Amino acid sequence: MYEGNVIPNLENYSLSPNLSFYLGLSIQTVILIIYVLLVIDIAIFAITLYIKLSDDYHARRYSRMYKKLTPIIGTCTDISDTSKKIAALKTFWNTAIIFEVLTNFSIEQQKSCKELFTVLGYTDEILKRAKKELTPKDVKWFGLIQIEEAIPLLFNAAQSKDFELSFHCYQSLAKIPMTLEDRLNYLTLLFKSNNLRDRMIEMLLEMKLSTEEYLNLLEHQVTELSKTVILSVLAAKIMPSTEVALTDRLLPFLEDTKEVKIGSIVAIAKSENSIYFERFEMLYYIEEHWEVRAAIAKAMNSFSHENEILLLKQMTKDSNWWVRFNASEVLSRKGRDGVNALIDISLDHENEDASKLAFSFLDTNKNIHTTSTEVVKTPKSKSEGESL
């Protein structure tokens, strides 16, 4: 505050450098800056508008070409005639559009247009370009259209240090039909790669081979990883309708390593064929690894054998908790006979661990509770009453 009419001495005050800079700008400079900002804004707007109009124009051209090509491709019976009709529509300006329509048609219809791409010259063009510089986009296209000529190129690129490119190469190779020799070479590279086990299984399923063809690949493997991966694939392929002769080819793998044994048990159980019960029963009594015994206990759910309840009751007394748990769980799914077995086990106080586990299943599972109640309420016959 300044008292009265005293005017402060401004000589002792100085403006900050920034303030001095702004106050020192001329009107012309300010106007120039405004013009520059306006030009930048207009340029950004123009570029955005151009991209939008370009995309709309491309979408319209694509839509028109799609409507023209779909009837031609959809009714394709003669490749030569169809290619001539498409070639008649092909110009310098719409070559890329036709390629895009054919590719998307292959994806939507799950139908390879390989022959059309070859006759129209697209395949040779992309192969020539890929030999100079292979991109993930090209790799995906080779797999989608199943270009067998690209196999050597993809084998080489699969060993690249570029993980994304390598991954897509393995994916595409799985989709392309190959000879047994090429498939074995593919598996050798795949199992040495850094891909996760689940991704390997997905890639092998992409091959869409028959059960017999997967078994042929399995019998050529020597490593635990390769065997367990292919066994997981077979577990997804084997069904109750699978021929016994094919499933029998898995039996030798029950004498392999722990992990291979487990994979074999899971795959064989998918057949739901009770002829394998005795083999599993024998393996259970001699097996030292609890993980294998637990897998056998779980596999019992797939069989229907006269001695299965007795074996499962024996399994509930196993030294390992997981084996006892799996056996009790399977018993809980075996209907009245299974519930009766669980009741007997729960009343056997000489084996406290098995008794408690059986009781917990009877107590917590609603379905078991209903079945066990029916068992208790079922009137006994006269002979049963007299024996009591």
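Each chain has its residues counted from 1, following the order in which its sequence is written. A pLDDT threshold of at least 70 governs which residues receive local features in this predicted model, and a stricter bar of 80 or more applies before side-chain atom pairs are shown or counted, although totals over entire chains, interfaces and linings include all residues. Hydrogens and waters are ignored; side-chain quantities use all the structure's heavy atoms.

### Looking at the overall build of the protein
- What the protein contains, in helices and strands, is 23 helices and zero strands.
- Here's how the labels work: a residue is buried when its accessible area is under 20% of the maximum for its type, exposed when over 50%, partly exposed in between, all with a 1.4 Å probe on protein chains only. Expressed as a percentage of its 388 residues, the buried residues of the protein come to 38%.
- Contacts in the protein between residues at least 24 apart in sequence constitute 60% of all its contacts with a sequence separation of at least 6.
- Summing over all exposed atoms, the protein offers an accessible surface of approximately 24,000 Å²; the carbon and sulfur share of this is 56%. Per the convention used, a helix needs a DSSP run of H or I reaching at least four residues, while a strand needs a run of E reaching at least two, with both numbered from the N terminus. Here, two residues are considered to be in contact whenever any of their heavy atoms come within 4.5 Å of each other. In these tables, accessible area is a Shrake-Rupley quantity obtained with a 1.4 Å probe, and a residue counts as shielded only by the protein chains included in the view.

### Focus on the packing of helix 11 (residues 197-206) against helix 13 (residues 224-237)
- Two numbers describe how helix 11 lies on helix 13: the axes approach to 9 Å, and their chain directions differ by 55°. Taken together, the axis directions place helix 11 and helix 13 in an arrangement best described as oblique. Note that helix 11 runs across helix 13; the crossing there is right-handed. Of the residues in helix 13, those touching helix 11 at Arg197, Met200, Ile201, Leu204 and Leu205 are Leu225, Thr228, Val229, Ile230, Ser232, Val233 and Ala236. Here an angle of 0 to 180 degrees is reported between the N-to-C directions of two axes, which are lines fitted to C-alpha atoms, with helices fitted over the stretch in contact. Roughly parallel means an angle under 35 degrees; roughly antiparallel, over 145; roughly perpendicular, 65 to 115; everything else is oblique. Crossings are classed by handedness, with left-handed meaning an anticlockwise turn of the near helix from the far one by less than a right angle and right-handed meaning a clockwise turn.

### Examining the confidence of the model for the protein
- Averaged over all residues, the pLDDT of the protein equals 84, while 85% of them reach at least 70.
- In this model residues 380-388 is a low-confidence stretch, pLDDT under 50, and it forms one contact with partners more than four residues away in sequence or in other chains. pLDDT expresses, on a scale from 0 to 100, how confident the predictor is about each individual residue.

### Description of the environment of Thr135
- Of note, Thr135 is situated in the loop between helix 6 (122-132) and helix 7 (136-145).
- As for Thr135 and Ala157, which are separated by 22 residues in sequence, their C-alpha atoms are 9.9 Å apart.

### Regarding the nonpolar core
- Joining through side-chain atoms within 4.5 Å is the link that ties buried Ala, Val, Leu, Ile, Met, Phe, Trp, Tyr and Cys residues into a set, and such a set is a nonpolar core. The biggest cluster of nonpolar side chains holds 102 residues, and the ones touching the most others in it are Phe142, Tyr186, Met300 and Met315.
- In contact with Tyr186, not counting residues within four places along its chain, are Phe155, Tyr170, Leu173, Ala174, Met178, Met203, Leu204 and Met207.

### Some words on the environment of Leu342
- Positionally, Leu342 belongs in helix 20 (residues 335-346).
- Of the residues examined, Leu342 reaches a relative accessible area of 0% and is grouped as buried.

### Points about unusual backbone geometry
- In this structure, Lys208 takes a positive phi of about 55° despite not being glycine.
- Mapped onto the elements of the fold, Lys208 is located in the loop between helix 11 and helix 12 (211-218).
- Taking relative accessible area as the criterion, Lys208 reaches 67% and is therefore assigned exposed.
- The backbone of Glu272 sits at a positive phi, close to 55°, despite the residue not being glycine.
- Along the chain, the position of Glu272 falls in the loop between helix 15 (258-269) and helix 16 (277-286).

### Re the packing of helix 18 (residues 308-315) against helix 19 (residues 321-331)
- Running from N to C, helix 18 and helix 19 cross one another at 145°; their axes reach a closest spacing of 8 Å. Seen along the crossing, helix 18 lies across helix 19 with a hand that is left-handed. Counting all contacts with helix 18, which are made through Ile309, Leu312, Lys313 and Met315, the residues of helix 19 involved are Val323, Arg324, Ala327, Val330 and Leu331.

### A look at the packing of aromatic side chains
- Under the pairing criterion, centres of Phe, Tyr and Trp rings, with the six-membered ring standing for Trp, must be within 6.5 Å; the plane angle then separates stacked pairs below 30 degrees from edge-to-face pairs above 60, leaving the rest tilted. Here the structure, examined in full by the defined rule, presents 14 aromatic pairs.
- Ring geometry for Phe99 against Trp141: centres 5.6 Å apart, planes inclined by 35°, an arrangement best described as tilted. With Phe99 in helix 4 (residues 95-109) and Trp141 in helix 7, this residue pair connects regions lying 42 residues apart in the sequence.
- On the basis of relative accessibility, which here comes to 21%, the residue Phe99 falls in the partly exposed class.
- Aromatic rings pair up to connect Phe99, Phe117, Tyr122, Trp141 and Phe142 into one cluster.

### Examining helix 12
- What helix 12 keeps buried is the set Thr211, Tyr214, Leu215, Leu217 and Leu218. The arc that holds the buried residues of helix 12, viewed along the axis, is 160°, so those residues lie on one side.
- The elements touched by buried residues of helix 12 are helix 10 (180-192), helix 11, helix 13 and helix 14 (244-247). Note that the arc is computed from the directions linking the helix axis to the C-beta atoms.

### Considerations on the side chain of Glu308
- By the element assignment, Glu308 lies in helix 18.
- Not counting the four nearest positions on each side in its chain, Glu308 is found in contact with Phe277, Met300, Phe303 and Lys334.

### Concerning a nonpolar patch on the surface
- Taken together, the side chains of Ile27, Val30, Ile31, Ile34, Tyr35, Leu38 and Ile42 define a hydrophobic patch exposed on the protein surface, amounting to about 690 Å² of accessible area.
- Among the secondary structure elements, Ile42 is positioned in helix 2 (residues 27-74).
- Note on Ile42: relative accessible area 56%, which makes it exposed. For patches, a residue must show more than 30% relative accessible area and have no salt bridge; joins then use 9 Å for like charges and 5 Å for nonpolar side chains, namely Val, Leu, Ile, Met, Phe, Trp and Tyr. When a carboxyl oxygen of Asp or Glu lies within 4 Å of a side-chain nitrogen of Lys or Arg, that pair is called a salt bridge.

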